[in-house]
Amino acid sequence: MDITRLFKSLDEMRSLIKLKIHITDKATILDKETTRPSLKKCYELLKHSARSLYLVISAVKAPLRDAICVYYLILRAMDTIEDDMTIPANVKYSILRTFVTIVKDPNWRYTQSQDKDAVVLEQFPCISKEFSLLSVSYQQTILASVPEIGEGLSTSQDMPYRNVEEFKKYTRYATGIPATQVFEMFRACQPVSDAERKVIEDYGILIQVTNDLRDFYQDLQAGRKRLWPESVWKKYASDVREFTSPDGEDRGRACLNELITLGLEVIPSCMDFLARCPSQECLTFFAIPQVMGIATLSSLYNNPKVFHGAVKIRKGEAAHIMLNSTSIDKVKAMNARYISEILARVPNEDPNSATTRQACKVALSFTQTPKPQNSLTSIHFLGPLLVIVAITFLLILMYF
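Only a predicted model underlies this, so the values are computations on that prediction, with no experimental measurement involved. (Residues numbered from 1 in each chain as written. Predicted model: local features only at pLDDT ≥ 70, side-chain atom pairs only at ≥ 80, totals over all residues. Heavy atoms only, no water.)

Draft legend 1. Spatial organisation of the overall build of the protein chain. Scanning the protein chain for helices and strands turns up 20 helices and 0 strands. Residue burial in the protein chain is summarised as follows: out of 400 residues, 52% are buried. Working note: accessible area of the protein chain is about 19100 Å², and carbon and sulfur atoms make up 55% of it. (Helix = DSSP H or I, 4+ residues; strand = E, 2+ residues; numbered from the N terminus. Buried < 20%, exposed > 50% of the residue type's maximum accessible area, 1.4 Å probe, protein only. Areas by Shrake-Rupley, 256 points an atom, 1.4 Å probe, with all protein chains shown as cover.)

Below you can see the structure in the form of C-alpha cells.
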C-alpha cells in the first residue's frame, strides 16, 4: 500500500467514527424533539425506506425537518405505488391521479402492496396526520407539486424510455420537481425563478442517471421495462440483456460510458444550483446526494461489474462525503476529484471518448477552488517514521 492510499484509508476510517458520533448526537436531538407517536412513526418509516436520506434530513432543524420528512414519505408512497408490479395498472392510475386528495384523507391506507416499502402505504394515516399539522405554507408548497408528479408517474408506469428526452421528462417528475419544492421550503416557501428551476432540474438528472445506472442489474432481475433510454442502448445491442453476457460486456461498457457522460454534462448546472443555496444547512442537504452521485458515477465508469450486481462506493468514502459537504469550495473540490478520476480512465477505444473527455474538462472548469495549504504531498518529507506511526494507528483502529 502506497502512502497516499494508506492515508486515504485512515481518513475514511476516521470519517466513519466521526459520522457514528454525529449520528448518535442527531438521533438524541431528534428523539427529544419528536414527541408525537405519529411523528415518531414517520421518522421510523423514513429510516426504513431511505437510511442515507434519513441521516441527511435529521441534520435539518425543525420545523423544516418535519416538513421534508413528511414530503419525502408522500413521494415514497407514490413511488411505491408506481414501482410495485403486482398492483394492476388501472389501480395505480387511479391512486396516483388522486393522490392530492389522498394526502388530506386521515383514513387512507393501501394494504395490497408487495413492495419492500409497502409499510409506508400501510402506515399512511400517520403521514397524513403529520401533514395536517404542518404550517399552511409548507402544506401549500407540498400540495402544489403532487398533482403534476402523480400525473407524470401514472403516465409513465414502468414504460421504457424511448429516448433521452423521455428520460429527462420522467426525471422532472421523479427528482426535479421534488428538489424544487424542497429548495423553496428552505427559502421560506418563496417560488423559484425560471433560471433556478432549470439548474435544479439538471441537478435531478444527475441523481436519476446515477440511480438508473447503479440499479441496472437489480431492475433487470426484477423484470422492469424502464431501464436505460432505448435510443442509446440500441446503438450497442438489440436486447439490453446482451450486456450481461461475456460477448456483450464491451458494448455494455460503451453504452454505460455514454450515459455517464450525460451526467457529467449537467455538473456545471449542479455547481450553479448549489452556489444558490441560501444557507449552509441547505447546501449540505443538496450537496450530499450530488457528491454521492458523481462519486458513484466514477465507480461505475467503464466498470463491467454493473452488469452482474450492485456497484457502490465504500462506506468510509460515503462518510467522508457526508461530513465534508459543508461549503461550496469543499463540494467543488470533491467533484473535481471524482471527475478527474473519470477523465484519467477514459479508454481511447471508447466510441464516446472525445465527448466524455470534453464533458469532464468543462465540468472541471466549474469546480475550480483555491488550492489547500496542506495536502498529502506535504507529508512526504516526514519519511518512514510517519509511515510507521500511520500503520500503527490503522491497526489500533481495526480493533477499536
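Having put the structure on the table, let's press on.
Draft legend 2. Quick peek at the pattern of salt bridges. Within the structure shown, the criterion is met by 24 salt bridges. Through salt bridges with shared partners, a single network forms among Arg76, Asp79, Lys116 and Asp117. (Salt bridge = Lys/Arg side-chain N within 4 Å of Asp/Glu carboxyl O.)

Draft legend 3. The nonpolar core, seen in detail. Counting 120 residues, the largest nonpolar core has Ile74, Phe99, Trp228 and Phe286 as the members making the most contacts within it. In terms of residue count, the dominant contributor to this core is helix α4 (residues 64–83) (13 residues). (Core = buried A, V, L, I, M, F, W, Y, C linked by side-chain atoms within 4.5 Å.)

Draft legend 4. The arrangement of the packing of aromatic side chains in detail. Evaluated as defined, the whole model comprises 18 aromatic pairs. Their ring planes at 40 degrees and their centres at 4.6 Å tell us that Phe216 and Trp228 sit as a pair that is tilted. With Phe216 in helix α12 (residues 216–221) and Trp228 in the loop between α12 and α13 (230–233), this pair connects stretches of sequence that are 12 residues apart. Neither residue differs from the other here; Phe216 and Trp228 are each classed as buried. These aromatic residues form a ring-pair network of at least three members: Phe183, Phe186, Tyr203, Phe273, Phe285 and Phe286. Directly above the aromatic system of Tyr170 lies the positively charged group of Arg226, at a separation of 4.1 Å from the ring centroid. (Phe/Tyr/Trp six-rings, centres within 6.5 Å; stacked < 30°, edge-to-face > 60°. Lys NZ or Arg CZ within 6 Å of the ring centre and 35° of its normal.)

Draft legend 5. View of the side chain of Arg65. If you trace the backbone, Arg65 turns up in helix α4. Residues contacting Arg65, with those up to four places away along its chain left out, are Leu30, Glu33, Tyr43, Ile57, Ser58 and Val60. (Contact = heavy atoms within 4.5 Å.)

Draft legend 6. Just the packing of helix α10 (residues 164–186) against helix α11 (residues 194–214), in detail. For the pair α10 and α11, the least separation of the axes is 7 Å and the interaxial angle reads 120 degrees. Viewed along their axes, α10 and α11 adopt a mutual orientation that is oblique. Crossing angle aside, the handedness with which α10 passes α11 is right-handed. In contact with Phe167, Lys168, Tyr170, Thr171, Arg172, Ala174, Thr175, Gly176, Ala179, Thr180 and Phe183 of α10, α11 contributes Glu196, Arg197, Ile200, Glu201, Tyr203, Gly204, Ile205, Ile207, Gln208, Val209 and Asp212. Split into classes, the residues belonging to the contact of α10 with α11 amount to 10 nonpolar, 6 polar and 6 charged. (Axes fitted to C-alpha atoms, helices over the stretch in contact; angles between N-to-C directions. Parallel < 35°, antiparallel > 145°, perpendicular 65-115°, else oblique. Left-handed = near helix turned anticlockwise from the far one by under 90°. Nonpolar A, V, L, I, M, F, W, Y, C, P; charged D, E, K, R; others polar.)

Draft legend 7. How the structure looks around the packing of helix α17 (residues 315–324) against helix α18 (residues 328–345). Running from N to C, α17 and α18 cross one another at 150 degrees; their axes reach a closest spacing of 9 Å. Between α17 and α18, the angle is such that the two are roughly antiparallel. Facing Glu317, His320, Ile321 and Asn324 of α17, the residues of α18 in contact are Lys330, Met334, Arg337 and Tyr338. Class assignment for the residues of the contact of α17 with α18 results in 3 nonpolar, 2 polar and 3 charged.

Draft legend 8. Examining unusual backbone geometry more closely. The step from Ala62 to Pro63 runs through a cis peptide bond, and the omega angle for that step is 0 degrees. Even without a glycine there, the phi angle at Ala188 is positive, about 60 degrees. Inspection of the secondary structure assignment puts Ala188 in the loop between α10 and α11. You can call Ala188 exposed: its relative accessible area is 59%. Its identity is not glycine, yet Asn302 carries a phi of approximately 55 degrees, on the positive side. Within the element layout of this structure, Asn302 appears in the loop between α16 (280–300) and α17.

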